[in-house]
Amino acid sequence: MTVYYDNRWITSCSTLKYSDVTPNRPRVEIGNEQPNQLYTLIMIDPDAPTPDQPSHRELVTWIVTNIPSGSSFAFSDGMEVVPYNVVNPRGGFHRQVMLLYRQSSIITQIITVQPQTNFSSSGFAATHNLGNPVGVAYFNVRR
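No experiment lies behind these values; they were computed from the predicted model shown.

## Section: the overall build of the protein chain
Here is step 1: The number of helices and strands found in the protein chain is 2 helices and 10 strands.
Here is step 2: The N-to-C order of helical and strand elements in the protein chain reads β-β-β-α-β-β-β-β-β-β-α-β.
Here is step 3: Relative to a compact globule of 143 residues, whose C-alpha radius of gyration would be 15 Å, the protein chain shows 14 Å and is just as compact.
Here is step 4: For the C-alpha atoms alone, the extent of the protein chain along its principal axes is close to 40 × 30 × 20 Å.
Here is step 5: A buried classification covers 42% of the 143 residues belonging to the protein chain.

## What about the sheet that holds strand E3 (residues 14-17)?
Here is step 1: Spatially, the 6 strands line up as an open sheet ordered E3-E10-E9-E5-E6-E8, and their pairing is mixed. Of all strands in the sheet, those with a lone pairing partner are E3 and strand E8 (79-82), marking the two edges. Across the sheet, the mean angle separating the axes of adjacent strands is 20° when strand polarity is ignored.
Here is step 2: Bridging between strand E9 (residues 93-102) and strand E10 (residues 135-142) involves 8 bridges; their strand directions are antiparallel. Among the inter-strand pairings, Gln 96 is bridged to a residue of E10, identified as Phe 139.

## Remarks on the packing of aromatic side chains
Here is step 1: Applying the stated criterion across every chain, the model contains 3 aromatic pairs.
Here is step 2: Ring geometry for Trp 62 and Tyr 84: centres 5.3 Å apart, planes at 80°, overall edge-to-face. Here the residue Trp 62 occupies a position in strand E6 (residues 59-68), and Tyr 84 occupies one in the loop between E8 and E9, the gap between them amounting to 22 residues. As far as the burial class goes, Trp 62 and Tyr 84 line up, both buried.
Here is step 3: When the ring of Phe 119 is compared with that of Phe 124, the centres are 5.9 Å apart and the planes differ by 45°; the resulting orientation is tilted.
Here is step 4: Cation over ring: Arg 27 sits above Tyr 4, and NZ or CZ is 4.2 Å from the ring centre.

## Quick look at the pairing of E3
Here is step 1: Residues Ser 14 and Leu 16 line the buried face of E3, whereas the alternating positions Thr 15 and Lys 17 sit on a face that is not buried.
Here is step 2: Bridge count for E3 against E10 is 4 bridges, and the pairing is parallel. Bridged to Lys 17 within E10 is Arg 142.

## Focus on the nonpolar core
Here is step 1: Among the nonpolar cores identified, the biggest contains 20 residues, and Tyr 5, Val 21, Met 43, Trp 62, Met 98 and Phe 139 are the most heavily contacted of them.
Here is step 2: For this core, the elements supplying multiple residues, two or more each, are strand E1 (2-5), strand E5 (38-45), E6, E9 and E10.
Here is step 3: Leaving out residues up to four positions away in the same chain, Phe 139 has contacts with Tyr 5, Ile 10, Cys 13, Ser 14, Leu 16, Val 21, Met 43, His 94, Arg 95, Gln 96 and Met 98.
Here is step 4: Of all hydrophobic cores here, the second largest spans 14 residues; its members include Ile 42, Val 60, Ile 107 and Leu 130.

## Examining the side chain of Thr 61
Here is step 1: Relative to the helices and strands, Thr 61 is located in strand E6.
Here is step 2: Assessed through its relative accessible area of 1%, Thr 61 is described here as buried.
Here is step 3: Leave out the neighbours within four places in its chain, and Thr 61 touches Met 43, Ile 44, Asp 45, Val 82, Pro 83, Tyr 84, Asn 85, Val 86 and Gln 96.

## A short note on unusual backbone geometry
Here is step 1: The omega torsion across Arg 57 and Glu 58 is -15°, close enough to zero to call that bond cis.
Here is step 2: Position of Glu 58 relative to the elements: it lies in the loop between E5 and E6.
Here is step 3: You will see that Asn 118, though not glycine, has its phi angle at about 55°, which is positive.
Here is step 4: The topology assignment puts Asn 118 in the loop between E9 and helix H2 (121-127).
Here is step 5: A relative accessible area of 48% places Asn 118 in the partly exposed class.
Here is step 6: Positive phi outside glycine occurs at Asn 129, with the angle close to 55°.
Here is step 7: In this structure, Asn 129 sits in the loop between H2 and E10.
Here is step 8: For Asn 129, a relative accessible area of 59% translates into the label exposed.

Rules used in this analysis
Residues numbered from 1 in each chain as written. Predicted model: local features only at pLDDT ≥ 70, side-chain atom pairs only at ≥ 80, totals over all residues. Heavy atoms only, no water. Helix = DSSP H or I, 4+ residues; strand = E, 2+ residues; numbered from the N terminus. Rg over C-alpha atoms; globule rule 2.2 N^0.38 Å. Buried < 20%, exposed > 50% of the residue type's maximum accessible area, 1.4 Å probe, protein only. Pairing = 2+ DSSP bridges. Axes fitted to C-alpha atoms, helices over the stretch in contact; angles between N-to-C directions. Phe/Tyr/Trp six-rings, centres within 6.5 Å; stacked < 30°, edge-to-face > 60°. Lys NZ or Arg CZ within 6 Å of the ring centre and 35° of its normal. Core = buried A, V, L, I, M, F, W, Y, C linked by side-chain atoms within 4.5 Å. Contact = heavy atoms within 4.5 Å.

What follows is the structure, encoded as structure tokens:
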């Protein structure tokens, strides 16, 4: 999995300004090593509302399911379950973590993701039989 904001390749531990990550979704490229495979992307903020007191951990900021392998998408490929919404950090740096899961089959029913705070990416993965992540990207966002 490779992530770009505009044309900037995001490497792990990159630091971006909030204005760099909104309002446009990132472009996420998924390899085609396994043709006809579907994936789920979950993006979370583990530092909400503040890194010192992350009482909303995990804040889910984007979920897309049924993404075909070989995709380079913003959100048109796959089914957007939670619309992209990176929250403006109140202070300090917030980590943004993207987790990519390989699906065993198409996901037709999603349990409603409400509220978006205190979300459990591992719980969501277990509910939908996604197993462990096959790809991870993370970066920092600051005001």
